[in-house]
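One letter stands for each residue in the lines below.
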Amino acid sequence: MEGGAAASTPAALPYYVAFSQLLGLTLVAMTGAWLGLYRGGIAWESDLQFNAHPLCMVIGLVFLQGDALLVYRVFRNEAKRTTKVLHGLLHVFALVIALVGLVAVFDYHRKKGYTDLYSLHSWCGILVFVLYLVQWLAGFSFFLFPGAPFSLRSRYRPQHIFFGATIFLLSVGTALLGLKEALLFSLGDKYSAFEPEGVLANVLGLLLACFGGAVLYILTRADWKRPSQAEEQALSMDFKTLTEGDSPGSQ
C-alpha cells in the first residue's frame, strides 16, 4: 500500500467474494448449457444468431459488471490509480460484450422481419445500456481523466456509487424479464407442465437473483469498504479546508 501500512482484510470478505464468483461462473456456464441443450447453440450467420444475445448480456451486463463493482472491495491495498484503471477496463469489456449482444438481436430481428423494441424487456434493456454507457463516460471524465478537479470528484462520487449499484440491479432485473419472455415464447402452455427446459431456466433465474444479491450485499457492507490511503485523506482534508474554512489541525 502506498503511503502507509496495508489495512487488514475483513475475515469474512474473501469468502463472500469467492461465493459471488462461484455463483457468477455457474451462472455463465448454465446460460451456455441452456442455449446448447435447448436452443441449438450459437452461430452468427444462422437462426442461432439470437442466442448470442442472452449469453453476451449475462457475461457483460451481469457477471463482468458485478465484478467491476467489486474491484474496490477485492483490491483494498493496491494503488488507487491501478484499481481505478482495472475498474474502468472491466466496465469497457462489459460494454463491448453487451454491444455484441445488442447487435445480435437487432440483426436477427432485421433478417426475420420481426418488430423491434415492443416488449418491456427490450425497453428496459435499452434503458440499461444507455445508462451504463453514460455512467462509464461520466466515471471516466471525473475519475480517470487527469484534468478533473478534486472538488468535482468529491461531489460526484456518491452519485456514481448510487447509479452503479442501481444500473447493476436493473441489469439483473432485465435479464430475468428476458429469460421469462424467452420461455413463454418457446414453451407456451408447456411451461406449466414442468418441462426440463423450464426447470433449468428457473434455476438460471435463481442464480441471477442470488449473484445480484451477493454482489449488492458485499457492496453495502460499510465495514468492507476500501480504506482511504494517506494521500486520499490528505486531499480530502485539503478540499474540506478550502470549502468549509476548516484547518487540518481542527479535524
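- Going by the annotation in an unreviewed UniProt entry, the name recorded for the protein chain is Transmembrane ascorbate-dependent reductase CYB561, with Rhinopithecus roxellana given as the source organism.
- The Subcellular location (unreviewed entry) comment attached to the protein chain in UniProt states, word for word, "Cytoplasmic vesicle, Secretory vesicle, Chromaffin granule membrane".
- According to its UniProt record, the protein chain has this under Catalytic activity (unreviewed entry): "monodehydro-L-ascorbate radical(out) + L-ascorbate(in) = monodehydro-L-ascorbate radical(in) + L-ascorbate(out)".

## A look at the nonpolar core
Here is step 1 of the chain: Core analysis: the biggest nonpolar cluster contains 45 residues, and L27, W34 and F211 have the highest contact counts within it.
Here is step 2 of the chain: The set of elements that each furnish at least two residues to this core consists of α1 (13-38), α2 (52-74), α3 (80-112), α4 (120-144), α5 (150-187) and α6 (196-220).
Here is step 3 of the chain: Not counting the four nearest positions on each side in its chain, L27 is found in contact with V58, V62, L204, L207, L208 and F211.

## Brief notes about the side chain of D67
Here is step 1 of the chain: Here D67 is to be found in helix α2.
Here is step 2 of the chain: R73 provides the closest opposite charge to the buried, salt-bridge-free D67, at an N-O distance of 13 Å.
Here is step 3 of the chain: Setting aside residues no more than four positions away along its own chain, D67 makes contact with Q21, L90 and F211.

What counts as what
Residues numbered from 1 in each chain as written. Predicted model: local features only at pLDDT ≥ 70, side-chain atom pairs only at ≥ 80, totals over all residues. Heavy atoms only, no water. UniProt positions renumbered as here; feature names shortened; annotations may be inferred. Core = buried A, V, L, I, M, F, W, Y, C linked by side-chain atoms within 4.5 Å. Buried < 20%, exposed > 50% of the residue type's maximum accessible area, 1.4 Å probe, protein only. Helix = DSSP H or I, 4+ residues; strand = E, 2+ residues; numbered from the N terminus. Contact = heavy atoms within 4.5 Å. Lys, Arg positive; Asp, Glu negative; His and termini not counted. Salt bridge = Lys/Arg side-chain N within 4 Å of Asp/Glu carboxyl O.

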